[in-house]
Amino acid sequence: MIYFNYMGNAIDFSTNPVSFEINERCGLLIIDEVNGFCKVGAGNLAPLKANLQVENMIKETANLAKLFNDKSMPIALFLDNHEDDRPEHPFPPHCIKGTGEEKIITELEWLIDSDALKIKKDCINGFIGSIDPINNENVFINWIKKYQIRTLIVTGICTDICVLDFVLTCMSAINHQIINPLNKVVVYSEACSTYHMDANDIQRLKLDESMIHDQETYHNIGLKIMQMRGAIIANKIKF
Ligand SMILES: [Zn+2]
């Protein structure tokens, strides 16, 4: 059980993850596993030192991506990628084009030359980032339809930011019937992670105190909110 204390009351944030067995057409989405969020010292939002949750996410994502690729199952990547004149308030500059922070981590580099769909995005919500500003087409929706994906497995960083925003939007898109035949979103908890930012980091980056961010707490809050909106939280994926 995962309890948080709020004004003297214990609140249970456990999600009791399930072991999920794939039994219909399934796609894998990997969100923002780029240097700027995953590699020690790679930028303002990168870990300051080796981080177990992030390392575990990388290992689990790489294993799952390999299985999907071996079985010729579809894979899509969101890659955070910003122009240097367009920062993303309230976050410090990160994943600016040309800095190397925007590059996919070495463990997943092989996917760049694969058939995987690669979507560069300049905003938190990859569902929005998939919309072509010229013709309003959503390349992510097109990918779901092209491969007739009914179950989507989601991995990546951050559990409570980019993963959360995407999954919540995707649940609405399913209800609104604009992303058929998708009907199930599975968040693979072992292949998700978020960042840790304490009082020292806030000072160093000159950020507001409200940006203090305890990794384990916010990871669990992210999972809990996605579960409350109808996503399946799984700690094992079976084929
Ligand atoms: Zn960003």
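Structure: see above.
Residues numbered from 1 in each chain as written. Predicted model: local features only at pLDDT ≥ 70, side-chain atom pairs only at ≥ 80, totals over all residues.

**Comments concerning the overall build of the protein chain**
Stage number 1. For the protein chain, the count of helices and strands is seven helices and nine strands.
Stage number 2. Each principal axis of the C-alpha distribution contributes one length, and for the protein chain these read about 50 × 45 × 30 Å.
Stage number 3. In the protein chain, which comprises 239 residues, the proportion classed as buried is 38%.
Stage number 4. Residue pairs in contact within the protein chain that sit at least 24 positions apart in sequence constitute 75% of those at least 6 positions apart. (Helix = DSSP H or I, 4+ residues; strand = E, 2+ residues; numbered from the N terminus. Buried ≥ 20, exposed ≤ 12 C-beta atoms within 10 Å, placed from the backbone. Contact = placed C-beta atoms within 7 Å.)

**As for the environment of Ile11**
Stage number 1. Within the secondary structure layout, Ile11 lies in strand S2 (residues 9–12).
Stage number 2. You can call Ile11 exposed: it has 11 C-beta atoms within 10 Å.
Stage number 3. What Ile11 contacts, discounting residues up to four positions off in sequence, is Tyr3, Phe4 and Tyr6.

**Concerning the sheet that holds strand S4 (residues 26–31)**
Backbone-to-backbone hydrogen bonds pair the strands of a sheet. The strands run either parallel or antiparallel.
Stage number 1. Pairing in this open sheet of seven strands is parallel, and the strands run S3-S9-S8-S7-S4-S5-S6 from one edge to the other. Every interior strand has two partners, whereas the edge strands, strand S3 (18–21) and strand S6 (117–121), have only one. The sheet shows a mean angle of 35° between the axes of neighbouring strands, direction not considered.
Stage number 2. Sitting on the sheet, helix H4 (residues 139–146) touches S4, strand S5 (75–80) and S6, and the angle it makes with S6 is about 165°.
Stage number 3. Lying on the sheet, helix H5 (residues 162–175) is in contact with S4, strand S7 (151–157) and strand S8 (184–193); it crosses S8 at an angle near 175°. (Pairing = 2+ DSSP bridges. Axes fitted to C-alpha atoms, helices over the stretch in contact; angles between N-to-C directions.)

**Observations concerning the environment of Asn23**
Stage number 1. As for its placement among the helices and strands, Asn23 is situated in the loop between S3 and S4.
Stage number 2. Separated by 127 residues in sequence, Asn23 and Arg150 place their C-alpha atoms 9.7 Å apart.

**Quick word on the nonpolar core**
Stage number 1. Ranked by internal contacts, the top residues of the largest apolar core, which has 60 residues, are Val154, Val163, Val167, Val187 and Tyr188.
Stage number 2. Beyond its immediate stretch of four places on either side in the chain, Val154 contacts Leu29, Ile31, Val163, Val167, Val185, Val186, Val187 and Tyr188. (Core = buried A, V, L, I, M, F, W, Y, C linked by C-beta atoms within 7 Å.)

**A word on the packing of H5 against helix H7 (residues 215–228)**
Stage number 1. H7 packs onto H5 with a crossing angle of 0° between their chain directions and a minimal axis gap of 10 Å. What the angle tells us is that H5 and H7 run roughly parallel. For the pair H5 and H7, the contacting residues are Val163, Leu164, Val167 and Leu168 in the first and Gly222, Ile225 and Met226 in the second.
Stage number 2. Looking at the contact of H5 with H7 residue by residue, the class counts come to six nonpolar, one polar and no charged. (Parallel < 35°, antiparallel > 145°, perpendicular 65-115°, else oblique. Nonpolar A, V, L, I, M, F, W, Y, C, P; charged D, E, K, R; others polar.)

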